Amino acid sequence: MIRSRSIVAGITVLLALVLTGCHHKKVRVARRTPPPPVTRDPRNTAGNYPPVRPVPGLGTGQPQEPQPDYGGKVYSTEIGMSSWYGPPYHNRNAANGLPYDQNAMTAAHRTLPMGTVVRVTNLQTNQSAVVKITDRGPFVPGRVLDLSMAAAKATGVYRAGVAKVRIDVLQQTANAAVSGKWCVQVGAFTEEKNSLKLKDQMQRRYHTAKVIEFPGPTGHWVRINPAVMDKAHATEVAESIHPNEPNAQAYLVRLD
């Protein structure tokens, strides 16, 4: 009798173990779904990551100041390569006689009258800004405009260094229709003796012209002011000059 009870108890325990094992086999562990990635908002400074410090004019999404209404009229358009200039020239006198401010919305152009207001559009990024012509340049082959550092940031030219732009004249000065005062600037000569040689040649060829030689940031330069300082006479002088140095170029420049 005792043996029978032991057998029954053993069977009961075995059955319980089997049922327990089956129960564990049926339990499924839920697969953990990873949380969605955290989207970094550049404007959010409350997270654990360092805040992004936006640079003005570099496409940070910051609202731009409204630009004056110039009536929508475009007097002329020019397309060419633009560069920018900054720290080495900051606070130096520009061609308009005032200190150059790299943080102002200005630009240098060789022939547009001083004070002309233009809209500059980066043709690659479509960024644009309105600037005023306050200086002369650039004196680099293949370039038509030198933006201030602030204007370069606003148009996306700052990081690129050089970019193809469209220049739309929005506002002309009172003397825009006047022929203006023109000269010829030749440079940059890497050796001063070559610039002095050209100066001597120009003085002998153009007796009534004012010819000066001066050092510049990129080399030595020669400027010829014709006796009659209109565009036609300046163009004639420019076309007659063929510097020996390959880096030296003759540029037609409007002074006013």
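Quick summary incoming for the structure in this document. Since we're looking at a predicted model, the values are computed, not measured.

So, the nonpolar core
- Judged by nonpolar contacts, the single largest core of 17 residues is most densely connected at V184, V186, L198, M202, V222, I224 and I241.
- Going through the elements one at a time, strand 7 (182-189), helix 4 (192-205), strand 9 (219-225) and helix 5 (231-239) are the ones with two or more residues in this core.
- Per-element accounting of this core gives the leading share, 4 residues, to strand 7.
- In terms of nonpolar packing, the next biggest core, distinct from the first, is built from 16 residues, I133, A151, A152 and I167 among them.

Observations concerning the layout of surface pockets
- When its volume is computed, the largest pocket comes out at roughly 780 Å³.
- Those elements giving two or more residues to the lining of the largest pocket turn out to be strand 1 (77-85), strand 5 (143-148), strand 8 (210-216) and strand 9.
- When the residues that make up the lining of the largest pocket are grouped by side-chain class, the tally is 17 nonpolar, 6 polar and 6 charged.

What about helix 4?
- Over its 14 residues, helix 4 extends 20 Å from the first C-alpha to the last, a length consistent with the 20 Å expected when each residue adds 1.5 Å.
- Tucked inside the fold, the buried residues of helix 4 contact strand 7, strand 8 and strand 9.

Describing the pairing of strand 3 (residues 117-122)
- Of all 6 residues that make up strand 3, 5 are buried, and the element is covered over most of its length.
- The sheet contact formed by strand 3 and strand 4 (residues 128-135) spans 5 bridges and is antiparallel. Bridge assignment links R119 to a residue of strand 4, and that residue is V130.
- Hairpin geometry of strand 3 and strand 4 is characterised by an intervening segment of 5 residues between the two adjacent antiparallel strands and by a positive phi of about 70° at N126.
- Pairing analysis gives 6 bridges linking strand 3 to strand 6 (residues 163-171), with the strands arranged antiparallel. If you follow R119 over to strand 6, its bridge partner there is D168.

Points about the packing of aromatic side chains
- Scanning the entire structure with this criterion turns up 6 aromatic pairs.
- Where Y85 meets Y89, the ring centres are 5.5 Å apart and the plane angle is 70°; that geometry is what we call edge-to-face.
- Members of the aromatic cluster, joined through ring pairs, are Y85, Y89 and Y100.
- A cation sits over an aromatic face here: K153 above Y158, 5.0 Å from the ring centre.

Points about the pattern of salt bridges
- A complete count under the given rule lists 5 salt bridges for this structure.
- Between D168 and R119 there is a salt bridge, and its shortest N-O distance comes to 3.3 Å. With a gap of 49 residues between them, D168 in strand 6 and R119 in strand 3 connect regions that are remote in the sequence.
- Taking the relative accessible area as the measure of exposure, R119 reaches 26% and is therefore partly exposed.
- In this structure, K193 engages E191 in a salt bridge whose closest nitrogen and oxygen atoms are separated by 3.5 Å.
- Classification of E191 by relative accessible area gives partly exposed; the value is 37%.

Conventions used here
- Residues numbered from 1 in each chain as written.
- Predicted model: local features only at pLDDT ≥ 70, side-chain atom pairs only at ≥ 80, totals over all residues.
- Heavy atoms only, no water.
- Core = buried A, V, L, I, M, F, W, Y, C linked by side-chain atoms within 4.5 Å.
- Buried < 20%, exposed > 50% of the residue type's maximum accessible area, 1.4 Å probe, protein only.
- Helix = DSSP H or I, 4+ residues; strand = E, 2+ residues; numbered from the N terminus.
- 1 Å grid on protein atoms, 1.4 Å probe; cavity = no way out; pocket = protein on both sides within 12 Å on 5 of 7 lines; lining within 4 Å.
- Points joined across faces, edges and corners; volume = space filled by probe spheres on them.
- Nonpolar A, V, L, I, M, F, W, Y, C, P; charged D, E, K, R; others polar.
- Expected span 1.5 Å × (residues − 1).
- Contact = heavy atoms within 4.5 Å.
- Pairing = 2+ DSSP bridges.
- Phe/Tyr/Trp six-rings, centres within 6.5 Å; stacked < 30°, edge-to-face > 60°.
- Lys NZ or Arg CZ within 6 Å of the ring centre and 35° of its normal.
- Salt bridge = Lys/Arg side-chain N within 4 Å of Asp/Glu carboxyl O.

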